[in-house]
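Listed here are the chains, written in short residue letters.
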Amino acid sequence: MRRAVYPGSFDPITNGHLSLVRRAALLFDEVLVAIADNSTKEPLFSPEERMEMTTAALAGIDNVRVIVFEGLLAKLVEQEKCCAIIRGLRAISDFEYEFQMALMNRKLSHQAETVFLMPSLNWVYLSSSIVKEVARHGGETKTLVPKSVYEKLQERFGSGKV
Ligand code: PNS
């Protein structure tokens, strides 16, 4: 069983994340989508809300499991017997942070080998932060996020186009 963990804040999950999960699910027997309950960030959505939206968005993919985790990712990798950490790279600007995190995770656990995947070209400009920014100001997000997220954003910020 080759299991990979795909960690992130997923606040909220976007079509870019979805593109990555689909790709990872073709490469590994199981993909564990791990939502960080990260006290250093101030997320818009609670871990429970993120879990609900993410689970609904990934319902059609058989070999995917969604969890919320606290603490070190390297520990989760060992607990869940993962052989890889999946992270997305969109642009060069992602590289420095990802490089640092990948090497630190490997220092913390030999098992924590990071594999980088690129999302579909359609979504290289997308991030959870930019989606929230657009939604907050009443912009259209329907084509950027899964239905479960779109509905939640509508609930939070209401409708209306810029
Ligand atoms: O989607 P994000 O916010 O870029 O994801 C960052 C995340 C959750 C993967 C990272 O903050 C993380 O792994 N947090 C868990 C704590 C940890 O292990 N930190 C050290 C990583 S070197």
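Relevant structure appears above.
(A) Structural view of the pattern of salt bridges. Taken as a whole, this structure holds 11 salt bridges when the rule is applied. Of the charged contacts, one joins glutamate 113 and arginine 106 as a salt bridge, the two residues approaching to 2.8 Å between their closest N and O atoms.

(B) Seen up close, the state of the cysteines. Scanning all chains against the criterion turns up zero disulfides. Cysteine cysteine 82 is unpaired, with the sulfur of cysteine 83 as its nearest cysteine sulfur at 7.4 Å. The class for cysteine 83 is partly exposed, based on a relative accessible area of 26%.

(C) Quick look at the packing of aromatic side chains. Counted by the stated rule, this structure contains two aromatic pairs. For the ring pair tyrosine 6 and phenylalanine 10, a centre distance of 5.2 Å and an interplane angle of 90 degrees mean the geometry is edge-to-face. Accessibility classification places tyrosine 6 together with phenylalanine 10 in one group, the buried group.

(D) A look at the environment of leucine 20. Assignment of secondary structure puts leucine 20 in helix α1 (residues 15-27). C-alpha separation for the pair leucine 20 and lysine 142, spaced 122 residues apart in sequence, amounts to 19 Å. Not counting the four nearest positions on each side in its chain, leucine 20 is found in contact with Tyr6, Ile86, Arg87, Gly88, Leu117, Met118 and Pro119.

(E) Region of interest: a nonpolar patch on the surface. On the surface, Ile92, Phe95, Phe99 and Leu103 cluster together to form a nonpolar patch covering roughly 430 Å² of accessible area. Locating phenylalanine 99 in the fold gives a position in helix α4 (residues 92-108).

(F) Structural view of the site of the ligand. Close to the ligand lie 15 residues; Ser9, Lys41, Gly71, Leu73 and Arg87 are nearest. Between the ligand and serine 9 there is a distance of 2.6 Å, counted from an oxygen atom to a side-chain nitrogen or oxygen. Taking lysine 41, its side chain carries an N or O atom lying 2.6 Å from an oxygen atom of the ligand. Starting from 540 Å² of accessible surface for the ligand in isolation, the protein chains cover 79%. Breaking the shell around the ligand down by element, the ones donating at least two residues are β1 (3-8) and α4. Looking at the shell around the ligand, the element that brings in the most residues is α4, giving four residues. Along the lines of polarity and charge, the residues of the shell around the ligand split into eight nonpolar, five polar and two charged.

(G) Just the nonpolar core, in detail. Counting residues in each nonpolar core, the largest one holds 32 residues, and the members touching the most others are Val33, Leu58, Val64 and Ile86. Elements with a contribution of two residues or more to this core: β1, α1, β2 (30-36), α2 (47-57), β3 (64-69), β4 (84-88), α5 (128-136) and α6 (147-157). By residue number, the principal contributor to this core is α1, which donates five residues. Once you skip the residues sitting within four places of it in the chain, valine 33 turns out to touch Tyr6, Phe10, Val21, Thr54, Leu58, Val64, Arg65, Val66 and Ile67. Residues Ala34, Ile67, Leu76 and Ala112 belong to the second largest nonpolar core, which totals 12 residues.

(H) Structural view of the packing of α2 against α6. The geometry of α2 relative to α6 is characterised by a closest axis approach of 8 Å and an angle of 145 degrees between their N-to-C directions. In this structure, α2 contributes Glu49, Met53, Ala56 and Ala57 to the contact, and α6 contributes Ser148, Val149, Lys152 and Arg156. Looking at the contact of α2 with α6 residue by residue, the class counts come to four nonpolar, one polar and three charged.

(I) Spatial organisation of unusual backbone geometry. Cis rather than trans, the peptide bond between aspartate 11 and proline 12 has omega equal to 5 degrees. Within the secondary structure layout, proline 12 lies in the loop between β1 and α1. Even without being a glycine, phenylalanine 10 presents a positive backbone phi close to 45 degrees. Mapping phenylalanine 10 onto the fold places it in the loop between β1 and α1. With relative accessibility at 2%, the residue phenylalanine 10 sits in the buried group. With a phi close to 50 degrees, lysine 81 is a non-glycine residue in the positive phi region. Residue placement: lysine 81 occurs in the loop between α3 (73-79) and β4. According to the relative accessible area criterion, lysine 81 is exposed, its value standing at 62%.

Analysis parameters
- Residues numbered from 1 in each chain as written.
- Predicted model: local features only at pLDDT ≥ 70, side-chain atom pairs only at ≥ 80, totals over all residues.
- Heavy atoms only, no water.
- Salt bridge = Lys/Arg side-chain N within 4 Å of Asp/Glu carboxyl O.
- Disulfide = S-S within 2.5 Å.
- Buried < 20%, exposed > 50% of the residue type's maximum accessible area, 1.4 Å probe, protein only.
- Phe/Tyr/Trp six-rings, centres within 6.5 Å; stacked < 30°, edge-to-face > 60°.
- Helix = DSSP H or I, 4+ residues; strand = E, 2+ residues; numbered from the N terminus.
- Contact = heavy atoms within 4.5 Å.
- Patch = residues over 30% accessible without salt bridge, like charges linked within 9 Å, V, L, I, M, F, W, Y side chains within 5 Å.
- Areas by Shrake-Rupley, 256 points an atom, 1.4 Å probe, with all protein chains shown as cover.
- Near = heavy atom within 4 Å.
- Polar contact = N/O pair within 3.5 Å; in protein donor to acceptor, adjacent residues only side chain to side chain.
- Nonpolar A, V, L, I, M, F, W, Y, C, P; charged D, E, K, R; others polar.
- Core = buried A, V, L, I, M, F, W, Y, C linked by side-chain atoms within 4.5 Å.
- Axes fitted to C-alpha atoms, helices over the stretch in contact; angles between N-to-C directions.

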